[in-house]
Amino acid sequence: RRRKLCFRRLERGDPARDATRSLMSFAGVSVVDSAKHCTCDTSAVYAGADSGYHLLMVRDYSRTKVQLPTGESATTGLFTVGEYDWYIEYYPNGENPNCRDFVSLYVTRHTLYDCEGEEDVEAKFSFSLVDQLEKHKPVYIHGTNKTCTFSSSAPSWGSDRFVRRDALERSAHLKGDCLTIRCDIMVVCKDHKIEDAAGTVPDINQHFGHLLQNKVGADVTFEVGGETFAAHRCVLAARSKVFMAQLFGPMKEGATTSSVIQIKDMEAKVFRALLSFIYTDSLPAMEKDSMEEDEMSEVMDEGREEAAEFEMWLQWLEDLFVAADRYDLQLLKLICEKQLSEHISVSSVTSTLALAEKHHCCGLKEACLKFIQVQSPSCLQTVMATSGWDHIAVTYPWVVKEFIAKLASNQRK
């Protein structure tokens, strides 16, 4: 049975990623150039290594997209990591109809169907796009710190929404109709001493995360959306100039440490994610409201429910982007900007463009304008017929002029 996982995005320079990847052994390369042709070279495999990475080169990407409809995949040859055999499944049109606009990726532990009682394997894994095959340098990473159980009943784990196809096709990762995907696997050792040596000792970010959770020494309280949050003034001030001014400078609120600071115009789940990033330096997964989830499941089928969840996640990401800008958390703002840039759609592009302009985010604005530029005339009409486009035309008329200038420039080319 296939399992999918919600991934944490690891950016360039993420110490958790870099420490793990430095231990990785090369576990071969597979080349896919059509739906029926896949070659695998595993001559470089070090079979005894508990961690390793395999490269999947997709040649003639456009051809695989035509030959492999939604639900059909190209499969790599077997490669060995941690004395176990693995293979990767690549779905250019998504693993199921609910993710048909995405590339799906799964890693599967190879098991013998006639072998009963085969032991489960605990492992961590990540997928990434590679900019240069020679350097094997990951630039776009979906990773997880969660340990997954690869069993005979559930041998596969992966991401059904690794990257949007339109975002991939606009990116520099697709060069000459080719791309390279890297899959990192770390088999979790049974011996805890070995496991610790492999890099699972808690780091400083985990310690600070525990500090936020257990609230030991907390000396400031915030009230947001009817919920209260305990935190540590020094941690907040060290991470944010805005919090520094609010808690220790001219903007200081309250005469005592027991005062409650009210934060308006922000949802509790957004502030919780903001605090989590401040303490752990990583973007948490969006929390789900159990009541909303139950109500959705009663009235929606699976496809509509996933679409609704995606819209909720996108709104949460936009709100977190605004919060990051409000508290001058530039790294969080950059992470949100990248995520929003990779998930632009016809229905969301106008709201994202307005958001980018309001918060002076040139990279996100450019991504939105490029997205609109490459749309078909019918899609372009759909975008311009929305109230969001009318809002941009009235509030930010110079953006419309920039867009027209870009269209004219493209026509001259």
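Everything numeric in this text was worked out from a predicted model, so none of it was measured.

This next bit is on the overall build of the chain. Looking only at helices and strands, the chain features 16 helices and 17 strands. For the chain, the residues scored as buried account for 47% of the 413 residues in total. Looking at the chain alone, contacts between residues at least 24 apart form 68% of all its contacts between residues at least 6 apart.

What follows concerns the packing of helix 11 (residues 330-342) against helix 13 (residues 362-373). Axis separation between helix 11 and helix 13 bottoms out at 9 Å; the angle between their running directions is 0 degrees. In terms of orientation, helix 11 lies roughly parallel with respect to helix 13. Each of Glu337, Leu340 and Ser341 in helix 11 lies in contact with helix 13, whose residues at this interface are Gly363, Leu364 and Ala367. Here the residues of the contact of helix 11 with helix 13 sort into three nonpolar, two polar and one charged.

Here Asp177, not a glycine, exhibits a phi torsion of approximately 65 degrees, which is positive. Mapped onto the elements, Asp177 comes out in the loop between helix 3 (165-170) and strand 14 (179-187). The exposure class of Asp177 is partly exposed, given its relative accessible area of 23%. Even without a glycine there, the phi angle at His360 is positive, about 55 degrees. Tracing the backbone shows His360 in the loop between helix 12 (349-358) and helix 13.

Counting residues in hydrophobic clusters, the biggest one holds 45 residues, and the most contacted among them are Phe222, Leu236, Phe271, Leu274, Trp316, Leu320 and Leu332. In this view, Phe222 contacts Glu227, Thr228, Phe229, Ala231, Leu236, Phe243, Val260, Ile261, Ile263 and Phe271; residues no more than four positions away in its chain are not counted. Counting residues in each nonpolar core, the second largest holds 33 residues, with Val58, Tyr90, Leu105 and Val107 among its members.

Attention now moves to helix 8 (residues 268-280). Over its 13 residues, helix 8 extends 18 Å from the first C-alpha to the last, a length consistent with the 18 Å expected when each residue adds 1.5 Å. Burial in helix 8 covers these residues: Ala268, Lys269, Val270, Phe271, Ala273, Leu274, Leu275, Ser276, Phe277, Ile278, Tyr279 and Thr280.

Further remarks concern the sheet that holds strand 16 (residues 227-231). Ordered in space as 16-15-17, the three strands form an open sheet in which the pairing is mixed. One side of each edge strand has no neighbouring strand; the edge strands of this open sheet are strand 16 and strand 17 (260-263). In this sheet, adjacent strand axes meet at a mean angle of 30 degrees when their direction is disregarded. Along the sheet, helix 8 contacts strand 15 (220-224), strand 16 and strand 17; its crossing angle with strand 16, the most-contacted strand, is approximately 10 degrees.

All right, on to the packing of aromatic side chains then. Following the criterion strictly, the structure yields 13 aromatic pairs and no others. Judged by centre distance (5.0 Å) and plane angle (90 degrees), the ring pair of Trp86 and Phe150 falls under edge-to-face. Of this pair, Trp86 sits in strand 8 (residues 84-91) while Phe150 sits in strand 12 (residues 148-150), and the two are 64 residues apart along the sequence. Note on Phe150: relative accessible area 1%, which makes it buried. Here Phe125 and Phe150 contribute two aromatic rings whose centre-to-centre distance is 6.2 Å and whose plane-to-plane angle is 70 degrees, an arrangement assigned as edge-to-face. With a gap of 25 residues between them, Phe125 in strand 10 (residues 121-130) and Phe150 in strand 12 connect regions that are remote in the sequence. Look at Phe125 and you get buried, because its relative accessible area is 3%. Connected via pairs of aromatic rings, a cluster forms that spans Trp86, Phe125, Phe127, Phe150 and Phe162. Over the ring of Phe102 we find Arg164; its NZ or CZ atom is 5.3 Å from the centre of that ring.

For the chain, per-residue confidence averages 78 on the pLDDT scale, and 74% of positions sit at 70 or higher. Counting interchain partners and residues more than four positions distant, the pLDDT-below-50 stretch residues 132-141 has 35 contacts. pLDDT under 50 marks residues 191-199. Its contacts with residues more than four places away, or in other chains, come to seven contacts.

Let us now look at the pattern of salt bridges. Inspection of the entire model under this criterion finds ten salt bridges. A salt bridge links Arg272 to Glu227; the nearest nitrogen and oxygen atoms lie 2.4 Å apart. Taken together, the residues span a long stretch of sequence, with Arg272 in helix 8 and Glu227 in strand 16 at a distance of 45 residues. Classification of Arg272 as partly exposed rests on a relative accessible area of 28%. Residue classification places Glu227 among the partly exposed positions, given a relative accessible area of 33%. Two residues, Lys365 and Glu402, come together in a salt bridge whose shortest N-O distance is 2.8 Å.

Our next topic: the pairing of strand 5 (residues 51-58). Strand 5 sits mainly inside the fold: eight of its eight residues count as buried. Here strand 5 shows no split at all, with Ser51, Tyr53, Leu55 and Met57 on one side and Gly52, His54, Leu56 and Val58 on the other all buried. Two elements, strand 5 and strand 14, share eight bridges in a ladder whose sense is antiparallel. Following the sheet pairing, Ser51 is matched in strand 14 by Met186.

This part covers the packing of helix 5 (residues 204-214) against helix 8. Two elements in contact, helix 5 and helix 8, have axes whose closest approach is 8 Å; the angle formed by their N-to-C orientations is 140 degrees. The orientation of helix 5 relative to helix 8 falls into the category oblique. Counting all contacts with helix 5, which are made through Asn205, Phe208, Gly209, Leu211 and Leu212, the residues of helix 8 involved are Leu275, Ser276, Tyr279 and Thr280. Across the contact of helix 5 with helix 8, the residue classes tally to five nonpolar, four polar and no charged.

Moving on: the environment of Thr280. Looking at the secondary structure, you find Thr280 in helix 8. Thr280 sits in the buried class, given a relative accessible area of 16%. Remark: the alpha-carbon pair of Thr280 and His207, spanning 73 residues in sequence, is separated by 8.3 Å. Sequence-distant contacts of Thr280, that is, excluding residues within four places in its chain, are made with Asn205 and Gly209. A polar contact is formed between the side chain of Thr280 and the backbone oxygen of Ser276, at a distance of 2.7 Å.

Rules used throughout
- Residues numbered from 1 in each chain as written.
- Predicted model: local features only at pLDDT ≥ 70, side-chain atom pairs only at ≥ 80, totals over all residues.
- Heavy atoms only, no water.
- Helix = DSSP H or I, 4+ residues; strand = E, 2+ residues; numbered from the N terminus.
- Buried < 20%, exposed > 50% of the residue type's maximum accessible area, 1.4 Å probe, protein only.
- Contact = heavy atoms within 4.5 Å.
- Axes fitted to C-alpha atoms, helices over the stretch in contact; angles between N-to-C directions.
- Parallel < 35°, antiparallel > 145°, perpendicular 65-115°, else oblique.
- Nonpolar A, V, L, I, M, F, W, Y, C, P; charged D, E, K, R; others polar.
- Core = buried A, V, L, I, M, F, W, Y, C linked by side-chain atoms within 4.5 Å.
- Expected span 1.5 Å × (residues − 1).
- Pairing = 2+ DSSP bridges.
- Phe/Tyr/Trp six-rings, centres within 6.5 Å; stacked < 30°, edge-to-face > 60°.
- Lys NZ or Arg CZ within 6 Å of the ring centre and 35° of its normal.
- pLDDT = per-residue confidence, 0-100.
- Salt bridge = Lys/Arg side-chain N within 4 Å of Asp/Glu carboxyl O.
- Polar contact = N/O pair within 3.5 Å; in protein donor to acceptor, adjacent residues only side chain to side chain.

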